[in-house]
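Results of the structural survey
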Amino acid sequence: MADEKDREEIIVAEFHKKIKEAFEVFDHESNNTVDVREIGTIIRSLGCCPTEGELHDLIAEVEEEEPTGYIRFEKFLPVMTEILLERRYRPIPEDVLLRAFEVLDSAKRGFLTKDELIKYMTEEDRVSLCRVGW
Amino acid sequence: FKAAALIQRWYRRYMARLEMRRRCTWSIFQSIEYAGQQDQVKLHDFFSYLMDHFIPSSHNERDFLTRMFTEDRFAQDSEMEKGSDYESIEVPDSYTGPRLSFPLLPDHATALIEAFRLKQQLHARYVLNLLYETKKHLVQLPNINRVSTCYSEEITVCGDLHGQLDDLIFIFYKNGLPSPERSYVFNGDFVDRGKDSVEILMILFAFMLVYPKEFHLNRGNHEDHMVNLRYGFTKEVMNKYKIHGKEILRTLKDVFCWLPLATLIDEKVLILHGGVSDITDLELLDKIERNKIVSTMRCKTRQKSEKQMEEKRKANRKSSAQEPIPWFLPQSRSLPSSPLRLSSYKAHKASRSSSIPCGGCLDRRELSRQVRSSVELELERCRQQAGLLVTGQKEEPSYSASEADSEAGELQKPTQEEWRQVVDILWSDPMAQEGCKANTIRGGGCYFGPDVTQQLLQKYNLQFLIRSHECKPEGYEFCHNRKVLTIFSASNYYEVGSNRGAYVKLGPALTPHIVQYQTNKVTNTLTMRQRISRVEESALRALREKLFAHSSDLLSEFKKHDADKVGLITLSDWAAAVESVLHLGLPWRMLRSQLVNSSADNMLEYKSWLKNLAKEQVSHENIQSSLLETLYRNRSNLETIFRIIDSDHSGFISLDEFRQTWKLLSSHMNIDITDDCICDLARSIDFNKDGHIDINEFLEAFRLVEKSCLEDDTSECPQATNAKDSGCNSPGAC
């Protein structure tokens, strides 16, 4: 129907502006590229919550055939718009997060030590933990 | 473990958002800072333009405008006379601060640091004495200081300090005091913004006199009395030195223009404040008389020949099509004319011609003509009024009679090229793209690309460039393939926790070694999130203030998006509208959640949003909010203008001067506030019977002045009458 199509166009236009804004914050040279290492931050700041593995796949999708270390906006925009439209990588609700912690805390102490946390985190994706600054 | 993955995902998203907030906050501060600098330049362009185009027809007349700049044009009095003034100043026995005697010894310099740490103030006599000796020393220095590392083992280069004494003290504490073995270069911008600019200058000058071979200073764009009017140094001096402040400022003007322009280490590393441009010519810079460039704000360049000028003016009454339309004329669409642009259009004799607007302005629309003629009328009136105010002041040669200047033995003005060269090295910023383009954000100098850097380094066989001028989150930043190092030494510049400061040490082979710091105990105890939140809150407050200042423009812009007049607009429209009014280039959609509290269903009730903005700001019942808004928007402009009018820094301006200025300002900056309104306001604030307004009183009435200024003024308002608060709700005024 014409109406629905209009609405979708408006939504897409709005997404485009949002994505552009987020992208530009990291586009230091104002040439529509960002460092590939910042893509994760951009995607996450737009409300998505991919795992490292999913992120790697995404990067592969938006990179050039010969990886330059930079991602171009032209390639990033359509992929990101799709993600937003499909509502992919949505963050889990907080109670699920809480249960995730409870799973790791088998002794039901109500806390995890730093060492335990490091152990669990690094077992999974082999990606180094960021500085802990909860 | 799936659980671990979930936690990891959540955590990374949290960190990403924090990072995004940090960057947005940074761009808010920067864009507001640079917009302020642009304003400054616009203001000066405005006055320059008026001065160019409305020259008094006989130099007996006192033009209201030229009077404002008379302090600029004082001939350089014989230094001897000026210098010996300080000897007549008596230092009371009760004075417990440091006492200096000349020639200075290292102990004196160290004593100064100690004294300032204990919050003592150096007596005006010693300040003037020190400045006098400093100038004597500076005059002997070349424009480009040449330093060799074979004498001292290490050289430390520091960037902008901007009146932040804590940072300077920290640097000396951590890196060691200057000595024959420890050289220092301070790369400009010692003053403005921070509250201890005077003290920093005293310390820096003292060490320079004590260790002349090892201690070097470069001039920054803030070592400039015009810039100081706006950014707080002038205010600081007048507050700290009520009796001798004027003299101190006058002497400083001299000292500043004698500061060297650059420092060269081992003929390999060039240190200068801003940057370079594609026309930077070190040989030329070496040769010019740097003291001719008193301020980079106003370009008073030597005209090729007086006769030519006269001819041009008479002959060519038509405006050229290429002449850029100054931004403040209503229909102007062009970029703000920066000092760069203004000077380049001066260089084109043809365009300089349209001094008097006339019927022959073919390209101008009717409106423009009307505006110009109204300005003419206005100035006519001013001239007449000014004529009444003729005092025994020195005869002021009119702007065009620069030849007469040189005959009278006044300081010769720099040429176009010389001025441009200096502005470039004091104001330019590096950019990532190749090329060299005008620095429209700052309004002066240019943006220079890696190719320009490379070209310069090759031409003069240099290794790399060290510059300052830009605040960096880490206190330093390399760019252009590590050929350019920005070093910035004022930590927490925008706000507590906003950035680190840094200095760089050059070791053997001149390899740079950076040391970072942040001088505030509070920052260390906060978590990263708290730190970011603090800075963010401060940035948002500044942003909201700016939004409020543009309320009426925003309202009309919002209305455009609300065709059905329901009082609602989409959030997307909100973002577009806000950007089109403020032109700050900020990521509004990212910031929206912080700026817009209530929005149902993706729509915003814009009227109540604007009302809420207003509520956050100070409001006075009996002052229309549009007036308040206008004053807010022009606050720094207003303050700067007042300080310019108050050329003797007395802190008082006459009601007439105020009214005239306001009229000029309002008709050319599209501020439509009636004169009556302004006069009513002025009257409702107490000023003494002979019609003088204390600048601070007036601004305070609208809470436009920082509290600190207030306290100082309490004792010094000789004219302060009783009913301070009549008509205004200002609590606890002067």
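An unreviewed UniProt entry lists chain B under the name Serine/threonine-protein phosphatase with EF-hands, with Colobus angolensis palliatus given as the organism. Note on chain B: under the UniProt heading Cofactor (unreviewed entry), the record states "Mn(2+)". Under Sequence similarities (unreviewed entry), UniProt gives the following word-for-word description of chain B: "Belongs to the PPP phosphatase family."

Per an unreviewed UniProt entry, chain A goes by EF-hand domain-containing protein and derives from Colobus angolensis palliatus.

In terms of helices and strands, chain B carries 30 helices and 18 strands. The buried share of chain B, reckoned over its 734 residues, is 60%. Sequence-distant contacts in chain B: of pairs separated by 6 or more residues, those separated by 24 or more amount to 76%. Approximately 30,800 Å² of chain B is accessible, and the part contributed by carbon and sulfur atoms is 49%.

Contacts between the two partners involve 43 residues from chain A, matched on the other side by 28 residues from chain B. Here chain A packs against chain B, burying approximately 3,500 Å² in sum over the two surfaces, 67% of which is carbon and sulfur. When the shortest N-O distance is used, the salt bridge between Arg 23 of chain B and Glu 38 of chain A registers 3.3 Å. The interface formed by chain A and chain B contains 10 residue pairs in polar contact (both at pLDDT 80 or more). Counting only elements with at least two residues in the side of chain A that touches chain B, the list comes to helix 1 (2–26), helix 2 (39–45), helix 5 (94–104) and helix 6 (114–125) of chain A.

Turning next to the confidence of the model for chain B. Residue and element names in this part refer to chain B. When pLDDT is averaged across chain B, the result is 71; 61% of the residues are at 70 or more. Confidence drops under a pLDDT of 50 for residues 619–624, and excluding neighbours within four residues, the segment shows 12 contacts in the predicted structure. Low pLDDT, under 50, characterises residues 702–734; the predicted model gives this stretch 59 contacts beyond four residues in sequence or across chains. Both confidence scores are given for the complex: pTM 0.65, ipTM 0.78.

Before going further, it helps to spend a moment on the environment of Leu 177 of chain B. Residues and elements named next belong to chain B. Note that Leu 177 resides in the loop between helix 6 (165–175) and strand 3 (182–186). By relative accessible area, which is 32% here, Leu 177 ends up partly exposed. With 30 residues separating them along the chain, Leu 177 and Phe 207 place their C-alpha atoms 9.3 Å apart. In this structure, Leu 177 is in contact with Thr 110, Ile 113, Phe 172, Arg 182, Tyr 184 and Phe 207, ignoring residues within four places of it in sequence.

Residue and element names in this part refer to chain B. Look at helix 21 (residues 551–561) against helix 22 (residues 571–582): their axes get within 9 Å of each other, and the N-to-C directions meet at 140°. Taken together, the axes of helix 21 and helix 22 are oblique relative to one another. Of the two possible hands of crossing, helix 21 and helix 22 adopt the one that is right-handed. Contact with helix 21, carried on its side by Asp 553, Leu 554, Glu 557, Phe 558 and His 561, involves Asp 573, Trp 574, Ala 577, Val 578, Ser 580 and Val 581 of helix 22 and no other residues of that element. By residue class, the composition of the contact of helix 21 with helix 22 is six nonpolar, two polar and three charged.

What follows deals with the side chain of Ser 489 of chain B. Residue and element names in this part refer to chain B. By secondary structure assignment, the location of Ser 489 is in the loop between strand 12 (484–487) and strand 13 (501–506). Taking relative accessible area as the criterion, Ser 489 reaches 0% and is therefore assigned buried. Of note is the side chain of Ser 489, whose polar atom sits 2.8 Å from the backbone oxygen of Ala 502. Sequence-distant contacts of Ser 489, that is, excluding residues within four places in its chain, are made with Cys 158, Gly 159, Asp 160, Leu 161, Asp 167, Ile 171, Gly 501, Ala 502 and Tyr 517.

Time to look at the sheet that holds strand 13 of chain B. Residues and elements named next belong to chain B. Strand order in the open sheet formed by five strands is 4-3-2-13-14, with mixed pairing between adjacent strands. With one partner strand each, in any of the chains shown, strand 4 (215–217) and strand 14 (512–517) form the two edges of the open sheet. This sheet shows a mean twist of 20° between the axes of neighbouring strands, independent of strand direction. Contacting strand 2 (154–158), strand 3, strand 4, strand 13 and strand 14, helix 6 crosses the sheet at an angle of about 155° to strand 3. Sitting on the sheet, helix 7 (residues 197–210) is in contact with strand 3 and strand 4, with an inclination near 130° to strand 4.

Below, the discussion takes up unusual backbone geometry. All names here are of chain B. Residue Pro 103 follows Phe 102 across a cis peptide bond; omega there is 5°. Mapped onto the secondary structure, Pro 103 falls in the loop between helix 3 (79–83) and helix 4 (106–117). Here the phi dihedral of Lys 119 falls at roughly 65°; this positive angle occurs in a residue that is not glycine. Mapped onto the secondary structure, Lys 119 falls in the loop between helix 4 and helix 5 (124–140). Relative accessible area serves as the criterion here: at 68%, Lys 119 is assigned to the exposed category. The backbone of Arg 482 shows a phi angle near 60°, a positive value even though the residue is not glycine. Considering the arrangement of structural elements, one finds Arg 482 in the loop between strand 11 (476–479) and strand 12.

We now examine the nonpolar core. By size, the foremost hydrophobic cluster in this structure holds 64 residues, and its most contacted members are Phe 76 of chain A together with Phe 558, Trp 574 and Trp 588 of chain B. Once you skip the residues sitting within four places of it in the chain, Phe 76 of chain A turns out to touch Ile 19, Phe 23, Ile 39, Ile 42, Ile 43, Val 62 and Ile 71 of chain A. Grouped together as the second largest cluster of nonpolar side chains are 61 residues, Tyr 86, Leu 112, Leu 165 and Tyr 503 of chain B included.

This paragraph deals with a negative patch on the surface. All names here are of chain A. Residues Asp 3, Glu 4, Asp 6 and Glu 8 make up a contiguous surface patch of negative charge. Its location among the elements puts Asp 3 in helix 1. Owing to a relative accessible area of 52%, Asp 3 belongs among the exposed residues under this scheme.

Looking now at the packing of helix 9 (residues 233–240) of chain B against helix 10 (residues 245–257) of chain B. Residues and elements named next belong to chain B. Where helix 9 contacts helix 10, the axes come no closer than 8 Å and their chain directions differ by 140°. In this view, helix 9 runs oblique relative to helix 10, as classed from their interaxial angle. For the element pair helix 9 and helix 10, the recorded crossing hand is right-handed. Touching Phe 233, Thr 234, Val 237 and Met 238 of helix 9 are Gly 245, Lys 246, Ile 248, Leu 249, Leu 252 and Phe 256, all from helix 10. The class makeup of the residues in the contact of helix 9 with helix 10 is seven nonpolar, two polar and one charged.

It is worth spelling out the UniProt feature "domain: EF-hand" (unreviewed entry) in chain A at this point. This chain's UniProt record puts "domain: EF-hand" (unreviewed entry) on residues 14–49 and 92–127 of chain A. Between the first and last C-alpha atoms of residues 14–49 of chain A the distance is 20 Å; the span itself is 56% helix and 8% strand.

Conventions used here
Residues numbered from 1 in each chain as written. Chains lettered and ligands numbered in written order. Predicted model: local features only at pLDDT ≥ 70, side-chain atom pairs only at ≥ 80, totals over all residues. Heavy atoms only, no water. UniProt positions renumbered as here; feature names shortened; annotations may be inferred. Helix = DSSP H or I, 4+ residues; strand = E, 2+ residues; numbered from the N terminus. Buried < 20%, exposed > 50% of the residue type's maximum accessible area, 1.4 Å probe, protein only. Contact = heavy atoms within 4.5 Å. Areas by Shrake-Rupley, 256 points an atom, 1.4 Å probe, with all protein chains shown as cover. Buried area = accessible area lost by both parts, 1.4 Å probe. Salt bridge = Lys/Arg side-chain N within 4 Å of Asp/Glu carboxyl O. Polar contact = N/O pair within 3.5 Å; in protein donor to acceptor, adjacent residues only side chain to side chain. pLDDT = per-residue confidence, 0-100. Axes fitted to C-alpha atoms, helices over the stretch in contact; angles between N-to-C directions. Parallel < 35°, antiparallel > 145°, perpendicular 65-115°, else oblique. Left-handed = near helix turned anticlockwise from the far one by under 90°. Nonpolar A, V, L, I, M, F, W, Y, C, P; charged D, E, K, R; others polar. Pairing = 2+ DSSP bridges. Core = buried A, V, L, I, M, F, W, Y, C linked by side-chain atoms within 4.5 Å. Patch = residues over 30% accessible without salt bridge, like charges linked within 9 Å, V, L, I, M, F, W, Y side chains within 5 Å. Lys, Arg positive; Asp, Glu negative; His and termini not counted. Charge placed at Lys NZ, Arg CZ, Asp CG, Glu CD.

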